[in-house]
Amino acid sequence: MSFPDSIPHPTVSQVKIIENKTNFPISWLNKQGYCEYGIFLENVRQIKTAPTAAMIKGVKEHAVLEENFKEEAVPATFDEMLESSKTGELLSREFPVVSANYGIRGFIDEIWMTPDEFIIIDDKPGTIPYYSSINQVYGYCLAFKDMIEEDRQIVASLRERGTDNIFWASYFDEKAEKGIIDLIDHVHDLISGNTEFGSTDNPNKCRKCRFNKICDRRV
C-alpha cells in the first residue's frame, strides 16, 4: 500500500507520517497484546531477526489464498464495490484500508459486503480468540468504518487459517469502537515517547518470542 503524501517516520520503522500524523500498521495491535516491548525491539531499536517458522507458513498460506482469489476476481473500484453490495453480495481479499484520522493502516484478509452488513475477517492459526487477535480485527473495522459513509453494521470475525471455520464473531459496536480507539491512542503514545513500552510477564510468551535471545526484559 502506498500513499503519495506519506513519508517515513524519522526514528521508528514501519511508521509513516500521513496527513501530518503518525500512522502505524494495524498488525501492531496484535503484537501489542502479545508483548509491546517486541515492537520496541523491532521498530525503535530496529533489531533484525530471522522470521519464525509460523511467520513463513502464514505468508505462504496468504499468498496461495490471494492467488486463488485473483483467478476469479473481477476488478472494481472501492466505490463500485460499495454500490454493488447494496443490492447483492460480494467478496474481496487483501483489502487495503487506511485511516489518517486514527493513524492506522493495513490489509483486511477478507471482507464480505452484503446489503445489510460488512463482515471483516482476519485469518489466524488455531481457534483461540486471543484479545490481541480481536484487537487487530477491531482495528481493521475502525479503519474501514472511517473510509465509508454507511449505516450498515460491521461484523468483526476471526477465522481458522486455511479453513472456512469462523471461530469468533462480534458486531463492531460503540463499546468495541471506544476500546480500540483507546488502544490505538496508547500505541501512538508509545511511538511519540509519551509512554514507555511495557513487556509481558508471561514466560511462555518469552520462550516463543523471536527476540528472546537478545531481549533485556525476558522473564
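Refer to the structure above for everything that follows.
Values in this document were obtained by computation on a predicted structure and should not be read as measured data.

A. Main features of the packing of helix H1 (residues 28-44) against helix H5 (residues 174-192). Running from amino to carboxyl end, H1 crosses H5 at an angle of 75 degrees, the nearest separation of the two axes being 11 Å. Between H1 and H5, the interaxial angle falls into the category roughly perpendicular. Of the residues in H5, those touching H1 at Trp28, Leu29, Gln32 and Glu36 are Ile180, Leu183, Ile184, His186, Val187, Leu190 and Ile191.

B. Representation of the pairing of strand S7 (residues 153-160) in the model. Burial of S7 is extensive: six of the eight residues sit out of reach of the surface. In the sheet, strand S6 (residues 117-124) pairs with S7 via eight bridges, with the strands oriented parallel. From the neighbouring strand, lysine 124 faces S7, where its bridge partner is glutamate 160. Remark: the S6/helix H4 (residues 131-147)/S7 crossover connection has right-handed handedness.

C. Region of the structure containing H1. With 17 residues, H1 extends just 13 Å between its outermost C-alpha atoms, more than 12% less than the 24 Å of an ideal straight helix rising 1.5 Å per residue. When the local axis directions of H1 are compared, the greatest deviation, roughly 120 degrees, occurs at cysteine 35. Counting buried positions over the 17 residues of H1 gives 13, a clear majority of the element. Note on H1: the residue one or two positions beyond its end, glutamine 46, has a positive phi of about 55 degrees.

D. Spotlight on unusual backbone geometry. Residues other than glycine seldom take positive phi values, yet glutamate 19 does so here, at roughly 55 degrees. Along the chain, the position of glutamate 19 falls in the loop between strand S2 (16-18) and strand S3 (21-25). Accessibility expressed as a relative area gives 56% for glutamate 19, which makes it exposed. A positive phi angle, near 50 degrees, is found at glutamate 94, a position not held by glycine.

E. Quick look at the packing of aromatic side chains. Under the counting rule described, the total for this entry stands at nine aromatic pairs. A centroid spacing of 5.4 Å and a plane angle of 50 degrees characterise the contact between phenylalanine 40 and phenylalanine 197, whose relative ring orientation is tilted. Of this pair, phenylalanine 40 sits in helix H1 while phenylalanine 197 sits in the loop between H5 and helix H6 (203-208), and the two are 157 residues apart along the sequence. Each member of the pair, phenylalanine 40 together with phenylalanine 197, is buried. Members of the aromatic cluster, connected to one another through ring pairs, are Phe78, Phe95, Phe118 and Phe144.

Definitions and limits used
- Residues numbered from 1 in each chain as written.
- Predicted model: local features only at pLDDT ≥ 70, side-chain atom pairs only at ≥ 80, totals over all residues.
- Heavy atoms only, no water.
- Axes fitted to C-alpha atoms, helices over the stretch in contact; angles between N-to-C directions.
- Helix = DSSP H or I, 4+ residues; strand = E, 2+ residues; numbered from the N terminus.
- Parallel < 35°, antiparallel > 145°, perpendicular 65-115°, else oblique.
- Contact = heavy atoms within 4.5 Å.
- Buried < 20%, exposed > 50% of the residue type's maximum accessible area, 1.4 Å probe, protein only.
- Pairing = 2+ DSSP bridges.
- Right-handed = clockwise from strand over helix to strand, strands pointing away.
- Expected span 1.5 Å × (residues − 1).
- Bend = angle between axes of the 7 residues up to and from the residue.
- Phe/Tyr/Trp six-rings, centres within 6.5 Å; stacked < 30°, edge-to-face > 60°.

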